[in-house]
Amino acid sequence: MNNVQDEEAVGLLQAVSSSLFSASLFPTATTRSTAKADTTKSDKNNKPNDDDDDEDAAIVGDIASNVTLQVGSEVAALKNMVESVLPKVEPLPWPTFFCLSVWCAIPAIVYILLFTQMGFGEYIYYDISTSQFADYTPIFVGTLSLLAFFFYILDMDQWNETAVGIVFRFLTAATMFCILLLIVVLISNEVPFGIITFFALLNPLWLLAVKNAFYGERTTRTFVSWLGAPLVCISCLLMLSFIVWASADYCNEWNTVMKVDSAEQTGCVADFDDYPMCKGNATTAANSSTVTTCFSLDHSGEHPELIFPEGCDTSCVKVYDSCSNGFILWAGPVLLCLSTVFLSFFCTFLRIEISADEKEVSRFSKLWIFVLIIMWASASLSGAASGISYLLVTLTVANIIGAGILLYAIFSTQELEQSKDMAFSRIKEKYGDGNLNIARGLFVAAFSPLLLAYFCLSAVNQLVRRVGINPCSEPASDVGEDPNNYNNAGFVTARGAERNLVSMKSWYQSEATTTNDNDNGVLTVRAKRDFGTMMNWYRAKVLTYAIYWGILFIVFQVLVAKLTSVFLSWMIEQMAGFGLIAVSGIMAGVGVLMFLLPPVPGLPVYLSLGIVIPAKGHEILGWPGAILYSSGVGLVLKLFSSALQQKGIGENLSHIVKVRQFVNINSKLMKSMRLELGSG
């Protein structure tokens, strides 16, 4: 009886094992299970009990070993995935790691204390941005512009040969830096992301100052490669401290009450354009024209609460949707963590022993874009999306500029020129000169005003050099290889002239142009080089593409976006008397047509579906059912439109030579997509 029960238990174990694990995962166990079942049916009474126990133990052992192997492979895969995400830092001794972590933490601590809600950011931010000094912001901007103008035309960046020149240059640069910081703080109420952007630029300068003061015996590249691990540690501590702080108190959370409270404390003005019914009856002062909201905050309780009197809808809190000041103050540690992570990855790319490859940089770029999308989506769900897109883009650009500062400090001018030429050659070889003309057209369309200002300032700088009123200026023309020509460079710029000679010589040798060294010209040598490079472009193509880019911008940003919204608004008004089925059919037809047009954005279609269908279907399906129904309609429309584009249109037109030529069917991108999709 016991043997029969044991065999039944073993059979049950085999059945459970085969149902939980596939035959491919446990082939040995499955084979033995089948054999055991057949043997049990035929001669279960003839087999000794010891053999049954041994075979049962073997089956269990096979299952356990296969489970161990599978878990080990999953752990290894997870480890590889985590290692591909985390920066590859260089190992450091603990004392060095601790000291560098302290130096990296100082700017972060100062920023958190002064400019975030975790510290005293609300009070300092509001007091400074709304103080009487804010009225003097135009004066500070004018002073900074004037100092920068003279700094450029007098070539102060090359005053490095005498003590007087070095001191004067340092004082001028320090004054410009302090004025810029003051301007950023004063305009923080209008440009709330200016402070975190300024920090992204200041952090690399702080680290370079630490290197010069305490690690002078090390090369700059070695010191920068050491910073990867300390910066990762600081970013993790920042995120951990933010999570603990946000979870510690209700007032530290970001919700509707805190959104209104932060908007009022930072002096953000409510926007009543879309919500005129949300205006209050009283004003903030007897003779003030500032209109208050119909709701108010009650601070008498343990936590602040929103009070909505009769006739004031809860949706009136949306009058503060455009106020991103409070959200940036609250999320300051997260933004600081992002900036620190960006800098840590860049520092690991410059490690000495193993330099970073293109795949490593590409993985980080994808990770960074993914994190930015998550940040934007989280801000959108929390009702603070206004201005967040500009913040994330500006922060990314500032981090790239900060990384450029480190590159400029690590590599010489000649190395930077060689790296730039190599990168340009790879891009030209990979994408061809025709695609580069498209990029050049975008550059001309986007930066034409800045290019004009650059050449105008260069002409003024060249005029100062030619007149000779500044004995400290750069030479007005290429000094050539004759050391006697350095006498024209001024008493503090001989080293700068020698440095520029190295970079200019390679360009003059590579370009099939002849330049008269004695011809001073209208532009400086550097500006003349840049202008000559642009003149060597296929200008007809480049200017044509620049016009196309301008037309494309107008079509997408003005005509399509505005006309689409107007058309859908008109259609919503016309369908006011229709039923749910008719509205669904009309919206399906219009939605598919909109999705098939490449210039039309999909967001207005989704918004229209979310407005029209729930308004018609809530009486039949209820609000939850109507919302799910509209979401399902939008999903089906998008999937159907994508299938129609790929199979109904694209596949049927794939045999036409003109279409294949237009999509560049033989390009590396198309070939890689064909291999990736498994079609040969």
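The structure contained in this document is the topic of the report that follows. Computed from a predicted structure; not experimentally measured.

The subject of this paragraph is the nonpolar core. Counting 61 residues, the largest nonpolar core has Ile-196, Leu-227 and Leu-336 as the members making the most contacts within it. Here the element with the most residues in this core is helix 13 (residues 332–349); it accounts for eleven residues. In this structure, Leu-227 is in contact with Leu-100, Cys-104, Leu-207 and Cys-347, ignoring residues within four places of it in sequence. Membership of the second largest hydrophobic core comes to 18 residues, among which are Phe-272, Cys-278, Cys-294 and Cys-323.

All right, on to unusual backbone geometry then. Look at Asp-155: it is not a glycine, yet its phi comes out positive at around 55°. Judged by relative accessible area, Asp-155 falls into the buried class, the value being 3%.

A few words now on the packing of helix 6 (residues 137–153) against helix 7 (residues 163–186). Contact geometry of helix 6 with helix 7 gives a least axis separation of 10 Å together with a crossing angle of 150°. For the element pair helix 6 / helix 7, the angle class is roughly antiparallel. Once helix 6 is placed against helix 7, the crossing between them reads as left-handed. Contacts between helix 6 and helix 7 pair Thr-137, Phe-140, Val-141, Thr-143, Leu-144, Leu-147, Ala-148 and Phe-151 from the former with Arg-169, Thr-172, Thr-175, Met-176, Ile-179, Leu-180, Leu-182, Ile-183 and Leu-186 from the latter. For the contact of helix 6 with helix 7, the per-class residue count stands at twelve nonpolar, four polar and one charged.

Turning our eyes to something else, we now look at the environment of Tyr-545. Mapped onto the elements of the fold, Tyr-545 is located in helix 19 (residues 539–574). Spatially, the C-alpha atoms of Tyr-545 and Ile-438 are 5.8 Å apart, while their sequence positions differ by 107 residues.

A surface patch of like charges, here positive, comprises Arg-660, Lys-668, Lys-671 and Arg-674. The biggest single contributor to the positive patch is helix 23 (residues 668–676), with three residues. When you line up the elements, Lys-668 lands in helix 23. Using a relative accessible area of 61% as the deciding quantity, one classes Lys-668 as exposed.

The subject of this paragraph is a nonpolar patch on the surface. A cluster of nonpolar side chains, contributed by Phe-98, Val-102, Ile-106, Ile-109, Val-110, Leu-113, Leu-114, Phe-120 and Tyr-123, occupies part of the molecular surface with about 840 Å² of accessible area. At seven residues, the largest contribution of residues to the nonpolar patch is made by helix 4 (residues 94–115). Assignment of secondary structure puts Tyr-123 in helix 5 (residues 121–129).

The next thing to look at is the pattern of salt bridges. One pass over the structure, following the stated rule, counts three salt bridges. Its salt-bridge partner being Arg-465, residue Asp-155 comes within 2.9 Å of it at the nearest N-O pair. Here Asp-155, found in the loop between helix 6 and helix 7, pairs with Arg-465, found in helix 16 (residues 413–467); they are 310 residues apart in sequence, far enough to count as distant. The same class applies to Asp-155 as to Arg-465, namely buried. Linking Lys-647 and Glu-651 is a salt bridge whose minimum nitrogen-to-oxygen distance equals 2.7 Å.

About the criteria used
Residues numbered from 1 in each chain as written. Predicted model: local features only at pLDDT ≥ 70, side-chain atom pairs only at ≥ 80, totals over all residues. Heavy atoms only, no water. Core = buried A, V, L, I, M, F, W, Y, C linked by side-chain atoms within 4.5 Å. Buried < 20%, exposed > 50% of the residue type's maximum accessible area, 1.4 Å probe, protein only. Helix = DSSP H or I, 4+ residues; strand = E, 2+ residues; numbered from the N terminus. Contact = heavy atoms within 4.5 Å. Axes fitted to C-alpha atoms, helices over the stretch in contact; angles between N-to-C directions. Parallel < 35°, antiparallel > 145°, perpendicular 65-115°, else oblique. Left-handed = near helix turned anticlockwise from the far one by under 90°. Nonpolar A, V, L, I, M, F, W, Y, C, P; charged D, E, K, R; others polar. Patch = residues over 30% accessible without salt bridge, like charges linked within 9 Å, V, L, I, M, F, W, Y side chains within 5 Å. Areas by Shrake-Rupley, 256 points an atom, 1.4 Å probe, with all protein chains shown as cover. Salt bridge = Lys/Arg side-chain N within 4 Å of Asp/Glu carboxyl O. Lys, Arg positive; Asp, Glu negative; His and termini not counted. Charge placed at Lys NZ, Arg CZ, Asp CG, Glu CD.

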